[in-house]
Each structure stands twice: as structure tokens, then as C-alpha cells.
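# Overview (structure and organization)
Residues per chain, in single letters:
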Amino acid sequence: MWRFVQISDPHLASKRDGVWNNRFLCSMMPQVMDCLRRDLARLKPEFLLVTGDLASHRARKSIFAARDALDSLGFPYYPTGGNHDYYSMASRAWFLEAYENHLPTTNTVYSFVHKNIRFCVLDPWWVWDEGELMPFPDPETDKKQDTDLRDTRWALPPEQFVWLESVLDAFPKMPTCLAFHYPAMKVPTRLRRPDYNDAGALENGDLLVESLSKYPHVKAIFSGHVHTNAIVHRNGIAQIMTSALPEYPVQYREVRVYRDRMEIRTHSLSDPSFAQKSLIPGREYTMGEEQDRTAVIPLK
Ligand SMILES: [Fe+2]
Ligand SMILES: [Fe+2]
């Protein structure tokens, strides 16, 4: 057995506090990262998968400060960008520069193999009003992205479907996990409440999941963005959505990988005060139900 850890949406290097579904407290992230460092040292994962919204402040130096904070955890990690990382061509260039020692190639779309699992990291783009697919948001969408994502859309570009299929065709025997910021499957109805703030999903997520039905070796998709723990299953694929570190429940995923299965477990930090500070009573549902916190994914 070996293990990796998924953390998501750390929104580092920012002092911005606000409310998403619970209190969203970027200002507590230095202490959260100190606690996470101690907790991961005990767990000893082989690497971390960090599924986007790594930085939350727009200055170039903040992107590098976020990188330094992730480096300080002391484990190899693979970064993917989110809507707060890829908001301009300049920020995309900073991302590639900041994470050059963590990316297998100088590209935001990449694949790597760890022991018995292949990972494919994808980079969905923004969909503008007229349906154009762009690597950065239109100015109006960009202005309100800290507070309102209701009309904001993202989709996987056709070139990445082609790339993904070429990798999946070339290595049909190896169990494969995908990772990208926006989930391909939506947060399930059972977790939604009338006041649930939905950050959205990939506009062509259904198409992606359908196109994967000819690749039974694709076992799981790891995403963030919705700041909610949820696991849903479709066409033999588990969509794992993982909550944000600056927001209740302040948790991360441990993935234990065996020859024939992966087991997902969800952990709180050893210091419960961060989650308590963020929780708005009545909004505990972003922690997910038992089926959103524990899962066994067959690899055969
Ligand atoms: Fe986020
Ligand atoms: Fe996001």
C-alpha cells in the first residue's frame, strides 16, 4: 500500500476573509499550513495533489509566496490551476515559472505515473458570453469572481480531449486518475440546501464523462472549486470533490492505493479550531455525508 493526499483550494498568500458557504478565512492559512505540515509528517504521503485556487491574491509575488507555502509542507506535489490562478495570460506565465520544479513538463496539461497509477492533469478554459473558449475570463466575469460565480462558465478545450484520448489509448492497461479544478460532475442534490452557493462545474463535464466510457481504466477524477466534500459515481468513474482549506470543514483527502483498489479517507486537521472558526451553524453540509467522505474504488 502507498498513499497520496489531495488538498484543494488553499487560496494562499491572501488576507481576504469573507463568506462563501461558511466563513472563508484566507487570513488563517499560515496557521492552517503549519498544522497541516505537522499532520502530514505523521501520515507520510508519497506526494500531494493540489487541485487549484492555489493563490488568492493577484500580484506576481503572491503566486510565488503561495508556491513557497506549498513547498514548506515538505512533500513533492503536483499543482493544478484554478479560476483564481488562471485569470490572465500573465498569471498563467507566473504559474509555469513558479511551479517549474513541480511540473513534469512546462505545461499546465501533463501526465505522470506514480507506481501503479497514471495521473492526467487538465486545464479547463473560460467560456465567454458568445461561447468562445478562452484561457482567461472576460473583464466583467473577472471583476466579480470573488463574490459571484453564478454566470461563470468553464469547459475543457477540444485539444485536451484529443490529448487525453491519445494518452488513454497509449496506456490502456494502467489505472488512470484525472485531476482538474472544476468538477466534471455536479454537487449532488442531496447535499444542496436553498442557500447553497454553487461554484459550478465543467460545462462539457457530461460530454467528458460520456467520452470516458470507452476507457474503463479511468477510475477517478479529483477536483476542487466547490469548497464542498462530495463523491459521486457515474459510468464506473468516481468524481471526488474536495473542500477548501480556508473554509469549513478544513479537511483533506488521504488516498490509500493498493494493487486492486484505492481507498479514500477524509481527515480533519489535528487542531479543530480552524473549522470551528469558519463554521456558520446550519451549514455543516459542506462536510459531505459518509458516502462523500469514505469510498473504495476498484482498480481492476
Ligand atoms: Fe476556491
Ligand atoms: Fe475555484
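Here is what the cut-offs are and how they apply
- Residues numbered from 1 in each chain as written.
- Chains lettered and ligands numbered in written order.
- Predicted model: local features only at pLDDT ≥ 70, side-chain atom pairs only at ≥ 80, totals over all residues.
- Heavy atoms only, no water.
- Helix = DSSP H or I, 4+ residues; strand = E, 2+ residues; numbered from the N terminus.
- Expected span 1.5 Å × (residues − 1).
- Buried < 20%, exposed > 50% of the residue type's maximum accessible area, 1.4 Å probe, protein only.
- Contact = heavy atoms within 4.5 Å.
- Donors = N, O, S within 2.8 Å, 3.2 Å for Na, K, Ca; no water.
- Pairing = 2+ DSSP bridges.
- Axes fitted to C-alpha atoms, helices over the stretch in contact; angles between N-to-C directions.
- Tetrahedral: all angles 85-135°; square planar, octahedral: opposite > 155°, others 65-115°.
- Salt bridge = Lys/Arg side-chain N within 4 Å of Asp/Glu carboxyl O.
- Patch = residues over 30% accessible without salt bridge, like charges linked within 9 Å, V, L, I, M, F, W, Y side chains within 5 Å.
- Areas by Shrake-Rupley, 256 points an atom, 1.4 Å probe, with all protein chains shown as cover.
- Lys, Arg positive; Asp, Glu negative; His and termini not counted.
- Charge placed at Lys NZ, Arg CZ, Asp CG, Glu CD.
- Polar contact = N/O pair within 3.5 Å; in protein donor to acceptor, adjacent residues only side chain to side chain.

This paragraph deals with helix H2 (residues 60-71). With 12 residues, H2 should cover 16 Å at 1.5 Å per step; its first-to-last C-alpha distance of 17 Å lies within 8% of that length. Taken as a whole, H2 has its buried residues at Ser62, Ile63, Phe64, Ala66, Arg67, Ala69 and Leu70. Structurally, H2 contributes buried residues whose contacts are with strand E1 (2-7), helix H1 (29-43), strand E4 (48-51), strand E5 (77-80) and helix H3 (89-98).

Let's shift gears to the side chain of His11. Examined against the element boundaries, His11 turns out to sit in the loop between E1 and strand E2 (17-19). Beyond its immediate stretch of four places on either side in the chain, His11 contacts Phe24, Cys26, Met29, Asp53, Leu54, Ala55, Ser56, His84, His227 and Pro246.

Taken together, Asp53 (OD), Asn83 (OD1), His181 (NE2) and His225 (ND1) make up the full set of protein donors to the iron ion (ligand 2), lying 2.1 to 2.3 Å away. Look at Asp53 and you get buried, because its relative accessible area is 2%.

Moving on to the sheet that holds strand E14 (residues 237-241). The six strands lie next to each other as E6-E7-E11-E12-E14-E13, forming an open sheet whose pairing is mixed. Both outer strands of the open sheet, strand E6 (110-114) and strand E13 (230-234), are each paired with one neighbouring strand and no more. Neighbour-to-neighbour, the strand axes of this sheet turn through a mean angle of 20°, independent of strand direction. Sheet analysis places strand E12 (residues 218-223) next to E14, joined by four bridges and oriented parallel. Within E14, the residue paired with Ile221 across the bridge is Gln239. Strands E6, strand E7 (117-121), strand E11 (176-179) and E12 of the sheet are contacted by helix H5 (residues 158-170), whose axis makes an angle of about 170° with E7.

Turning next to the coordination of the iron ion (ligand 1). Taken together, the protein ligands of the iron ion (ligand 1) are Asp9 (OD), His11 (NE2), Asp53 (OD) and His227 (NE2), with distances of 2.1 to 2.3 Å. Around the iron ion (ligand 1) sit four donor atoms; with metal-centred angles ranging over 89 to 168°, the donor geometry is irregular. One chain supplies every donor for the iron ion (ligand 1), spaced along it as D-x1-H-x41-D-x173-H. Between the iron ion (ligand 1) and the iron ion (ligand 2), the interatomic distance is 3.5 Å, and Asp53 donates to each metal, bridging them. Residue Asp9 is found in the loop between E1 and E2, and its partner Asp53 is found in the loop between E4 and H2; the two are separated by 44 residues along the sequence. Comparing Asp9 with Asp53 shows no difference in burial state: the two are buried.

What follows concerns the pattern of salt bridges. This structure, assessed with the given rule, holds 23 salt bridges. The partner of Asp34 in a salt bridge is Arg37, with the nearest N and O atoms 2.9 Å apart. Of this pair, Asp34 and Arg37 both sit in helix H1, three residues apart, which is roughly one turn of the helix. Of the charged contacts, one joins Asp292 and Arg190 as a salt bridge, the two residues approaching to 2.8 Å between their closest N and O atoms. Of this pair, Asp292 sits in helix H8 (residues 290-293) while Arg190 sits in the loop between E11 and helix H6 (205-211), placing them 102 residues apart in sequence.

It is worth spelling out a negative patch on the surface at this point. Where like charges cluster on the molecular surface, the negative patch consists of Asp129, Glu130, Glu132 and Asp151. Position of Asp151 relative to the elements: it lies in the loop between helix H4 (139-143) and strand E10 (153-155).

Attention shifts here to unusual backbone geometry. Here the amide bond leading from Tyr248 into Pro249 is cis, since omega sits at 15°, within 30 degrees of zero. With respect to the helices, strands and loops of the structure, Pro249 is situated in the loop between E14 and strand E15 (251-257). In the Ramachandran plot, Asp9 falls in the positive-phi region, its phi being about 50° despite a non-glycine side chain. By relative accessible area, which is 0% here, Asp9 ends up buried. Phi at Lys115 takes a positive value of approximately 50°, unusual for a residue other than glycine. Inspection of the secondary structure assignment puts Lys115 in the loop between E6 and E7.

Turning our eyes to something else, we now look at the environment of Glu284. Inspection of the secondary structure assignment puts Glu284 in the loop between helix H7 (273-278) and H8. Under the relative-accessibility criterion, Glu284 is labelled partly exposed at 35%. Residues Glu284 and Ser268 lie 16 residues apart in sequence; the distance between their C-alpha atoms is 13 Å. Once residues lying within four places of it in the same chain are set aside, the contact partners of Glu284 are Tyr248 and Leu279. Here Gly282 takes part through its backbone nitrogen, which lies 3.1 Å from a polar atom of the side chain of Glu284.

Attention now moves to the sheet that holds E4. What the six strands build is an open sheet, ordered E5-E4-E1-E15-E16-E17; its pairing is mixed. Looking at which strands have only one partner, the edges of the open sheet turn out to be E5 and strand E17 (295-298). Here the average twist between neighbouring strands, direction ignored, is 20°. As judged from the three bridges shared by E1 and E4, these two strands associate in the parallel manner. Across the sheet, the residue bridging to Gln6 is Leu49, located in E4. The sheet strands contacting H1 are E1, E4, E15 and strand E16 (261-268), and the helix crosses E15 at an angle near 15°.

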